[in-house]
Amino acid sequence: MSAPLERIQQVRTSVLPSQTTPEQRFWRAYKTPLLVKEHGAITHISFCQSGAHDFAVTSGARVQIFSARTRQVIRTIARFKDTAYSGQFRPDGKLLVAGDATGLIQVFDTKSRSILLTLNPTNQATHVTSFHPKTLTTLLSGSDDQTLRLWDITSSEPTSVFRSHSDYIRAASFLSAASDNVVTGCYDGIVRVFDPRTPDIPTLSLSHGAPVEAVLPLTGTTVLSAGGPSVKVWDLVAGKLVKDLGNFQKTVTSLHIGGTGGSPSGANAVLAGGLDGHVKVFDTTTWEVSFGWKFGDAVLATAISPDQKHFVTGLTSGVLSIRTRKTEPRVKQGVKQTKSGNFARMIRGADYKGENEHQILIDDERRSRSKKLHQFERHLNAFRWREALDAAFAPGMAPELTITVLDELKRRGKVRISLAGRDEGQLEPLVKWAVRNIDDFRNVEVVADWTACVADMYAAVIEKSPVLEALVSELRQKLIRQIEIARDARRLEGMLEMLIQSH
C-alpha cells in the first residue's frame, strides 16, 4: 500500500512592521461621514460638555442643536435680527449664549429655546461669546468695537471691561477653570492675557505677527494662537514662543483640543483647520502632524466631542461634515446575555454535547486527506511542472502561495523544465510579478533566481518583444534604486556608529 501524499507546506514570510501608527489608526476610525447643507457659512461649532454631548452649529441667522445620538437637528434657535456668531453651550448644557452682527448678546434656554437674557453693549458685531468653564454665571464677549467684556448673567452691566485692543477681537477664552484670567486674539496681531482685577493693562502681550483668528488655552501656562498660515505655541510663564507650526498654505481659522476622554491619542492632540481646506492633527508631545483630512472647501470651524465619538467640521460653502467613530460593544464578546423564558425553552438542549453517550473518534489522517487540494498542488503531484507554474500566477492567487509554488519548483530542480517552450505571452506574468516584488526584501532571492533563468533562456525573445523589453528595463531601474537605497543605509549606519563611539 502506497503512503499518502503529504501536502506542500506554505511559505511563511516574515511579518513587516505596521505602516501606520496607533495615532493614525485612531483618527482613521472617524468614518461614516454625514454631510448636511446649511444656508450660510458655518462659523462656529460647540459641543456640550455634559450629558450626551450634543453640539450647536452656528450658521447664517440661526443656531442649530444636533443630537449626538442621531446626528439630526433637534432644536433650531432663529431669534436673531442678523447673522449669528459664536453659539456656545454653558458647561452644564442648560444654557446657550450667542452674539450677532448687530452687537446683541442673547442667552437661551436649550430646552425651550426661550430668551433668558439680552445684552446690548454695542452696535457693532459681537463675534465672541463664551461661558466660564466653572463659574456658570460668568460669560465673556468680544466685539468689533475693540472691547472685551466680562458679564455676570444676574446683572445687565459688565463686571469688567478691557479696552486695550486696537482692532477687531476675533478670539477670546478663559485661561483656565481655576481663574478668571482671559486670553484674547485680535486683528492687530497681538495675543493678550488679562487679569479682571487690572482690566486697563494686559498682564502679558505676545506678538503673533498676523491677525489672530483663534486662541486655545492648552494648559494654565500654555496657549496656542492661530493667524495667517501658522499656529504658534506660547509659554506664558517665560513669555516666549515655544513652537511655530507653519504647516498650512492659507490662514488658519480654528483650533480645538482633541477631546478629554477615550483614547490618549485624541487627548494629546490639537486640531487646526484652515482656508486651504485642511484639518491637521498635531501631537502635543512633539508638535508634529500625526494625521490630517482634506475637505472640498475652506474650513471655518472644527470640533471634536469630549468623548471623542464625533468629529465635526464646518465649511465656507455651508456644508457640515459629521464623522463618527464606532463605539465599543455594550456587551463583551463571549458573555451570554440572559434570554426570556420562551426563548430558553425553545433552544433547550442546544448546548448538549453528548457527554453521556458513546463518542466515536474520527480518523484525523483520513479527514486531512479529504481536504481539497489547491490547483497547483494537483499539478505538482501529477508532475505537470508547466501547469503548476501557470497556476502560481492565476488571478486571485495569494502572494504567499505564489512564493510557495516557486520555492517548491526550485527545491525539486524543475525551474528550467517549467520555463521551457514558452512564448512572449506566457513569460509576461512571471516578469510582471518580478517587477512588482523586487522592492520587497523578503522576495529578492526568489526574484533573482527566476529572472536569471528567464534572461538566460529567453534573451533573444526579450530583445524582439517590446512588452518584455519594457518590463525588464523597469525591473533594472527598480533594482538600481534599491541598490542606491542600500548604499545610503550603509553610509547612515556608519555615521551612527561613529556618533555612538564618540559618545
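No experiment lies behind these values; they were computed from the predicted model shown.

Parameters and conventions
Residues numbered from 1 in each chain as written. Predicted model: local features only at pLDDT ≥ 70, side-chain atom pairs only at ≥ 80, totals over all residues. Heavy atoms only, no water. Phe/Tyr/Trp six-rings, centres within 6.5 Å; stacked < 30°, edge-to-face > 60°. Helix = DSSP H or I, 4+ residues; strand = E, 2+ residues; numbered from the N terminus. Expected span 1.5 Å × (residues − 1). Buried < 20%, exposed > 50% of the residue type's maximum accessible area, 1.4 Å probe, protein only. Contact = heavy atoms within 4.5 Å. Salt bridge = Lys/Arg side-chain N within 4 Å of Asp/Glu carboxyl O. Axes fitted to C-alpha atoms, helices over the stretch in contact; angles between N-to-C directions. Left-handed = near helix turned anticlockwise from the far one by under 90°. Nonpolar A, V, L, I, M, F, W, Y, C, P; charged D, E, K, R; others polar. Arc of directions from axis to C-beta.

A. Quick look at the packing of aromatic side chains. Applying the stated criterion to the full structure yields 15 aromatic pairs. A centroid spacing of 4.9 Å and a plane angle of 45 degrees characterise the contact between Phe 162 and Phe 194, whose relative ring orientation is tilted. With Phe 162 in strand E13 (residues 158-162) and Phe 194 in strand E16 (residues 190-194), the pair connects residues that are 32 residues apart, well separated along the chain. A ring pair is formed by Tyr 168 and Tyr 187, whose centres lie 6.4 Å apart and whose planes are at 50 degrees; its orientation type is tilted. Here Tyr 187 lies in the loop between strand E15 (182-186) and E16 and Tyr 168 lies in the loop between E13 and strand E14 (169-174), a separation of 19 residues in the sequence.

B. Broad picture of helix H12 (residues 466-502). Relative to the 54 Å expected for 37 residues at 1.5 Å per residue, H12 spans 54 Å between its end C-alpha atoms, a close match to the ideal helical length. Within H12, the full set of buried residues consists of Leu 468, Leu 471, Leu 475 and Lys 478. In this structure, the buried side of H12 is in contact with helix H9 (424-437), helix H10 (444-457) and helix H11 (459-464).

C. Focus on the pattern of salt bridges. Scanning all chains against the criterion turns up 17 salt bridges. Residue Arg 411 pairs with Glu 408 through a salt bridge whose shortest N-O separation is 2.6 Å. Taken together, the residues span about one helical turn, with Arg 411 and Glu 408 both in helix H7 (residues 399-411) at a distance of three residues. Look at Arg 411 and you get exposed, because its relative accessible area is 62%. By relative accessible area, Glu 408 is classed as buried at 9%. Of the charged contacts in the structure, one is a salt bridge between Arg 442 and Asp 440, with a shortest N-O distance of 2.8 Å. Of the residues examined, Arg 442 reaches a relative accessible area of 30% and is grouped as partly exposed.

D. Here's a closer look at the environment of Ser 317. Mapping Ser 317 onto the fold places it in the loop between strand E27 (310-315) and strand E28 (319-324). Classification of Ser 317 by relative accessible area gives partly exposed; the value is 28%. Separated by 20 residues in sequence, Ser 317 and Asp 297 have C-alpha atoms that sit 6.7 Å apart.

E. Region of the structure containing the side chain of Ser 290. Looking at the secondary structure, you find Ser 290 in strand E25 (residues 289-294). Judged by its relative accessible area of 17%, Ser 290 is buried. The residues touching Ser 290, leaving out its near neighbours within four places in the chain, are Glu 23, Gln 24, Trp 27, Val 281 and Asp 283.

F. Structural detail: the packing of H9 against H10. Where H9 contacts H10, the two axes come as close as 10 Å, and the packing angle between them is 145 degrees. Where H9 crosses over H10, the handedness of that crossing is left-handed. Counted together, Leu 430, Trp 433, Ala 434 and Asn 437 of H9 and Val 446, Val 447, Trp 450, Thr 451 and Val 454 of H10 form the full contact between these two elements. Along the lines of polarity and charge, the residues of the contact of H9 with H10 split into seven nonpolar, two polar and no charged.

G. Summary view of H10. Helix length check: H10 (14 residues) gives 20 Å between terminal C-alpha atoms against 20 Å at 1.5 Å per residue, within 8%. Those residues of H10 that sit buried are Val 446, Val 447, Trp 450, Cys 453 and Val 454. On an axial view of H10, the arc spanned by its buried residues comes to 140 degrees, and they lie on one face. Along H10, the residues that are exposed and aim more than 90 degrees away from the buried face are Glu 445 and Asp 456. Along its buried surface, H10 packs onto helix H6 (385-392), H7, helix H8 (415-419), H9 and H11.

H. Seen up close, unusual backbone geometry. In this structure, Gln 146 takes a positive phi of about 65 degrees despite not being glycine. By the element assignment, Gln 146 lies in the loop between strand E11 (138-143) and strand E12 (148-152). You can call Gln 146 partly exposed: its relative accessible area is 31%. A positive phi angle, near 60 degrees, is found at Trp 287, a position not held by glycine. Mapped onto the secondary structure, Trp 287 falls in the loop between strand E24 (278-283) and E25.

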